[in-house]
Amino acid sequence: VQLQAFGGGLVQARDSLRLSCAVSRGTFTRYAMGWFRQAPGQQREFVATISSTGLSESYADFVKGRFTISKDDAKNTVYLQINSVKPEDTAIYYCAAAAIVGGTAVEEREYDFWGRGTLVTVSS
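What you see is a predicted model; the values in this text were computed from it and never measured.

Asks: Explain the nonpolar core to me, please; I cannot follow it from the model alone.
Replies: Nonpolar side chains in soluble globular proteins tend to end up buried together. Formed by 36 residues in total, the largest nonpolar core has its most connected members in L19, M33, W35, V78, L80 and Y93. Within the residue set of this core, elements represented by two or more residues are β1 (2-6), β3 (17-24), β4 (32-38), β5 (45-50), β7 (67-72), β8 (77-82), β9 (91-98) and β11 (118-123). Here the element with the most residues in this core is β9; it accounts for six residues. Sequence-distant contacts of M33, defined by excluding residues within four places in its chain, comprise L3, V23, F28, A48, T49, I50, I69, V78, A96, A97 and Y111.

Now the structure itself:
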């Protein structure tokens, strides 16, 4: 399974941004998908996850309604919509796939495959 995240870049505070993660060489619908992020000098942290069926989602507390995870099975792609971005959202965003059917995964150790990440920089 290969994952490629894209959509990062330099954005202004209060803008919206959508990250995408394309999955290849695997059966997309067999994996729960997740987004994590790592800010400069910080450990990587959980952001959001969606089940293989798309019926369940879970978010980190700091998301506070600004982030939405979704998936398009026809395109083998998972998305992360970020609204009203803040400077503290500056980080490398990683997507990951967990071989869990029907459930979600919030722990890094649950994930089997990782993409290289896409950098989001938010200016104030």
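Okay, back to it.
Asks: Which parts of the structure should I look at to understand the pattern of salt bridges?
Replies: Opposite charge on two side chains allows them to pair when their charged atoms are near. For the structure on display, the rule yields five salt bridges. Where D73 meets K71, a salt bridge forms, and the shortest distance between an N and an O atom there is 2.5 Å. What makes D73 partly exposed here is its relative accessible area of 36%. With relative accessibility at 16%, the residue K71 sits in the buried group. Here the salt bridges do not stand alone but share partners, grouping R37, E45, R66 and D89 into one network.

Asks: How do you make sense of the pairing of β5 when you look at a structure like this?
Replies: Across the six residues of β5, five count as buried, placing the element largely inside the fold. The pairing of β4 with β5 spans five bridges and is classified as antiparallel. Of the residues in β5, the one forming a bridge with W35 is A48. Count of turn residues in the β4/β5 antiparallel hairpin: six residues, of which G41 carries a positive phi of about 75°. From the end of β5 to the start of strand β6 (residues 57-59), which pair antiparallel, there are six residues, and G54 there has a positive phi angle of about 80°.

Here is what the cut-offs are and how they apply
- As a convention, each chain's residues are numbered from 1 in the sequence order in which they are written.
- Owing to the predicted nature of the model, reporting of local features is limited to residues with pLDDT of at least 70; listing and counting of side-chain atom pairs is limited to 80 or more, with chain, interface and lining totals taken over all residues.
- Heavy atoms throughout the structure, all of them, feed into the side-chain values; hydrogens and water do not.
- As used here, the term nonpolar core means buried Ala, Val, Leu, Ile, Met, Phe, Trp, Tyr and Cys residues forming a set that is joined through side-chain atoms within 4.5 Å.
- Each residue gets one of three labels from its accessible area relative to the maximum for its type: buried under 20%, exposed over 50%, partly exposed in between, using a 1.4 Å probe on protein chains only.
- Numbering of helices and strands starts at the N terminus; helices are DSSP runs of H or I of at least 4 residues and strands are runs of E of at least 2.
- Every residue pair with non-hydrogen atoms within 4.5 Å of one another is taken to be in contact.
- Any carboxyl oxygen of Asp or Glu that lies within 4 Å of a side-chain nitrogen of Lys or Arg is treated as forming a salt bridge with it.
- If DSSP finds at least two bridges between two strands, the strands pair.

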